[in-house]
Amino acid sequence: HYDREMKRLRDALNERAWAAYKAKRSTVMVFEGVDAAGKGGTIRRITSATGARLYRTITVAAPTDEERARHYLWRFWRHIPRAGYLTMYDRSWYGRVLVERVEGFATHAEWQRSYNEINGFEEQLTENGIIVLKFWLQISPEEQFARFKAREDTPYKQHKITEEDWRNRGKWEDYKLAVNEMVIRTSTEYAPWHLVAGNDKRHARVEVLKTVVQSLDAALAERPSRAAAGTACERRRAARPLGAST
């Protein structure tokens, strides 16, 4: 059943990705989640269904010296896709209110201010016709432990587990508080969070692809009305006398 459903969803996603390309609708996807939640595997299922020239995957690590010298959103703005293309962020600007908050890399005032900055950033994207999809993949502490042990015991997966991963397990409750506040304060009408149960990897992958296909369908269907509304607004502005109030 999983294989049949994934084939159907991959075919549908490929079709919608090319439709978005022709309509010049860009897509930004954000993948966040606890360590070993399956972000990378889910992203690979999306890229395998999408034309190679349509997407980029940005894997986010610690900022470089150049990036630290600028506003934290700068390094993400740089990768916003051209019209019709797709960018996937494996971890994202939400690090500001997650790891930077928990580890003390950002001051209390800095990460508190970031909620409004992030909401404003995403609102600007959507106002310019970009589709913003945000996924949080969640697994239980017991499932995470099992996946960590499997990585340690599998030679070709050992590079995916470090002492830092084990250390972060000790801050599970701190991260849980940070995630709860992040979702409450940044799940908006124009860029809602999609919370995905990830203990079953197959279930998580199906849910993410299904959400992507449905979201692209909805966005492409509304494009004509939004374009007409935008044209009407432009006509009204052009007809308004100079100095007239808005």
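Above this text is the structure in question.
Quick notes on the rules
- Residues numbered from 1 in each chain as written.
- Predicted model: local features only at pLDDT ≥ 70, side-chain atom pairs only at ≥ 80, totals over all residues.
- Heavy atoms only, no water.
- Buried < 20%, exposed > 50% of the residue type's maximum accessible area, 1.4 Å probe, protein only.
- Helix = DSSP H or I, 4+ residues; strand = E, 2+ residues; numbered from the N terminus.
- Pairing = 2+ DSSP bridges.
- Axes fitted to C-alpha atoms, helices over the stretch in contact; angles between N-to-C directions.
- Phe/Tyr/Trp six-rings, centres within 6.5 Å; stacked < 30°, edge-to-face > 60°.

1. As for the pairing of strand E3 (residues 86-90)
Of all 5 residues in E3, 5 are buried, a share of seventy percent or more. Of the two faces of E3, the one holding Leu86, Met88 and Asp90 and the one holding Thr87 and Tyr89 are both buried throughout. Bridge count for strand E1 (residues 27-33) against E3 is 5 bridges, and the pairing is parallel. Its bridge partner being in E3, Val30 is matched across the sheet by Tyr89. The pairing of strand E2 (residues 55-59) with E3 spans 5 bridges and is classified as parallel. Pairing of Ile58 across the sheet is with Tyr89, part of E3.

2. Some thoughts on the sheet that holds E1
Across the sheet, which stays open at both edges, the 5 strands sit in the order E2-E3-E1-E4-E5 with parallel pairing between neighbours. Looking along the sheet, the strands with just one partner apiece sit at the ends: E2 and strand E5 (193-197). On average, each strand axis in the sheet is tilted by 20° relative to the strand beside it, whichever way the strands run. Note: E1 against strand E4 (residues 131-138), 7 bridges, orientation parallel.

3. Digging into the pairing of E1
For E1, the tally of buried residues reaches 7 of 7 residues, placing the bulk of the element in the interior. Here E1 shows no split at all, with Thr27, Met29, Phe31 and Gly33 on one side and Val28, Val30 and Glu32 on the other all buried.

4. With respect to the packing of aromatic side chains
Across all of its chains, the model carries 13 aromatic pairs by this definition. Measuring from centroid to centroid gives 5.1 Å for Tyr89 and Trp93, while their planes differ by 70°, and the two rings are edge-to-face. Taking relative accessible area as the criterion, Tyr89 reaches 0% and is therefore assigned buried. Judged by its relative accessible area of 0%, Trp93 falls in the buried class. A ring pair is formed by Trp93 and Tyr94, whose centres lie 6.3 Å apart and whose planes are at 35°; its orientation type is tilted. The same class applies to Trp93 and to Tyr94, which are both buried.

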